[in-house]
Amino acid sequence: MTDTTSAMGKLQEEVRAYYRSKAAEAETHGACCSPDPNTFGPAAYDEMGPDKAPDAALLASLGCGNPTAVAELREGETVLDLGSGGGLDVILSARRVGPDGRVFGLDFLEEMLALAARNVEDAEVDNVVLLKGTIESIPLPADTVDVIISNCVINLSLDKPAVFAEMARVLAPGGRLGISDVVAEDRLSVEERAERGGHSQCIAGALSVSEYRELLAAVGLKDAEVVFTKEAADGLHSAIVRARKPAGTEAAATQQCDPDDTCC
């Protein structure tokens, strides 16, 4: 085992342990203690109307935004929440897509899935499917999801190119992303990001704006947009990330177009 592999293994276990502790806090106290209560967790849902989700799901939130508010979810759509945690965004999405839609919540921890299952039951929504797995290897077929949402989870991954490739794979042609994440200004080096906070606290593993755009482009996702919403640390911000997968006819036209033609 190389030193790099060993270090990555330790970091991965650190993330697992951290979020296991947060699930336990939610079970015991009804809330997960976010790194910054003014930026993370329930504060991001201050415009959420009453009776949209159980209080337990809201209090268990560890996210840095409200992706359901920016994903423009529509009736009948299929939604995938990467890193669904206590289930808040799954529940909100399920209500938005209605009985003809479906929402998958993916998490890598049994403890979080159990917490989400109870919150989904309390919310009385029946169009939710909770899945155990990682965001680097999504347990769904290709081209099956209309919308992918995620709330401060992609920055936790130790293999971000795999995450972006998987998002592009499972998105149906014409599908889109509506993600909340912590994103760094381009001026910050990887080392400078790590100086501002830990990996488990959604800081050290943050991508820069340019890195986000490059990874989205590398897997063929178009119209990338990264918009800062609130400062999380010096040079790091909660942000909204949007992109889309070209529709079938659009993708075919792009592949057939000669780079010397005016259409390109």
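These figures come from a predicted structure and were not determined experimentally.

Q: Before we go on, may I ask you to explain the confidence of the model for the protein chain in this structure?
A: Low pLDDT marks regions whose predicted coordinates should not be analysed in detail. Summarising the model, the protein chain shows a mean pLDDT of 81, and 69% of its residues fall at 70 or more. Throughout residues 29–35 the model reports pLDDT below 50, and contacts reaching past four residues in sequence, or to other chains, amount to 24 contacts. Taken together, the stretch residues 254–264 has pLDDT below 50 and engages in 4 contacts with residues farther than four places along the chain or on a different chain.

Q: Where do I start with the nonpolar core in this structure?
A: Looking at soluble globular proteins, one finds that nonpolar side chains tend to be buried together. L80, I148, F164, M167, L177 and Y212 are the most contacted members of the largest nonpolar core, which has 31 residues in total. Contributions of two or more residues to this core are made by β1 (78–82), β2 (102–107), β4 (145–151), α5 (160–170), β5 (171–184), α7 (209–218) and β8 (236–244). Every residue in contact with Y212, bar those within four places of it in the chain, is listed here: I154, F164, I179, D181, V183, L207, V226 and V241. In this structure, L73, A94, V120 and V125 belong to the second largest nonpolar core, which totals 14 residues.

Q: What should I look at first to understand α5 in this one?
A: In an α-helix, one full turn covers 3.6 residues, which means residues spaced three or four apart are oriented alike. Of all the 11 residues making up α5, 8 are buried; the element is thus mostly covered by neighbouring parts of the structure. Those residues of α5 not exposed but buried are K160, A162, V163, F164, E166, M167, A168 and V170. On the buried face of α5, the contacting elements are β1, β4, β5, β6 (207–208) and α7.

Q: Please explain unusual backbone geometry as it appears in this structure.
A: Trans is the common state for peptide bonds, and a negative phi is the common state for residues other than glycine. Positive phi outside glycine occurs at D143, with the angle close to 60°. Here D143 is to be found in the loop between β3 (128–132) and β4. On the accessibility criterion, D143 (43% relative accessible area) is partly exposed. The residue C152 is not glycine, and still its phi comes out positive at about 60°. With respect to the secondary-structure elements, C152 resides in the loop between β4 and α5.

Q: Just to check I follow, could you spell out the side chain of S84 for this structure?
A: Locating S84 in the fold gives a position in the loop between β1 and α3 (88–97). Not counting residues up to four positions away in its chain, the partners in contact with S84 are V90, G105, L106 and D107.

Q: Mind showing me how you'd approach α3 here?
A: Of all 10 residues that make up α3, 8 are buried, and the element is covered over most of its length. Within α3, the full set of buried residues consists of L88, D89, V90, I91, L92, S93, A94 and V97. G98 sits one or two residues past α3 and shows a positive phi near 75°.

Q: Before we go on, may I ask you to explain the packing of α5 against α7 in this structure?
A: The packing of two helices is summarised by the inter-axis angle and the distance between the axes. Orientation of α5 relative to α7, taken along the N-to-C sense of each, is 45°, at an axis distance of 9 Å. Classified by the interaxial angle, the pair formed by α5 and α7 is oblique. Relative to α7, α5 is oriented so that their crossing is right-handed. On the side of α5, the interface is formed by K160, P161 and F164, while α7 contributes Y212, L215 and L216. In the contact of α5 with α7, the residues fall into 5 nonpolar, no polar and 1 charged.

Reading guide: rules and limits
Within every chain, residues take consecutive numbers counted from 1 along the sequence as written. Per-residue local features of the predicted model are confined to residues with pLDDT of at least 70, and side-chain atom pairs are confined, for both listing and counting, to 80 or more; whole-chain, interface and lining totals are unaffected and use all residues. The basis for every side-chain value is the complete set of non-hydrogen atoms in the structure, without hydrogens or water. The quantity called pLDDT is the predictor's confidence in a given residue, expressed from 0 to 100. The contact definition used throughout considers only heavy atoms, calling two residues in contact when any of these lie within 4.5 Å. By convention a nonpolar core is built from buried Ala, Val, Leu, Ile, Met, Phe, Trp, Tyr and Cys residues, the set being connected through side-chain atoms within 4.5 Å. Using a 1.4 Å probe on the protein chains alone, a residue whose accessible area is under 20% of its type maximum counts as buried, one over 50% counts as exposed, and one in between counts as partly exposed. Strands here are runs of E lasting at least two residues and helices are runs of H or I lasting at least four, both read from the DSSP assignment and numbered beginning at the N terminus. Angles shown run from 0 to 180 degrees and are taken between the N-to-C directions of axes, each axis being a line fitted to C-alpha atoms and, for helices, limited to the stretch in contact. To sort the angles, those under 35 degrees are grouped as roughly parallel, those over 145 as roughly antiparallel, those from 65 to 115 as roughly perpendicular, and the leftovers as oblique. Definitions for this section: a left-handed crossing has its near helix turned counterclockwise from the far helix by less than a right angle. A right-handed crossing has that turn clockwise. Each residue is assigned to one class: nonpolar for Ala, Val, Leu, Ile, Met, Phe, Trp, Tyr, Cys and Pro, charged for Asp, Glu, Lys and Arg, and polar for all the others, Gly among them.

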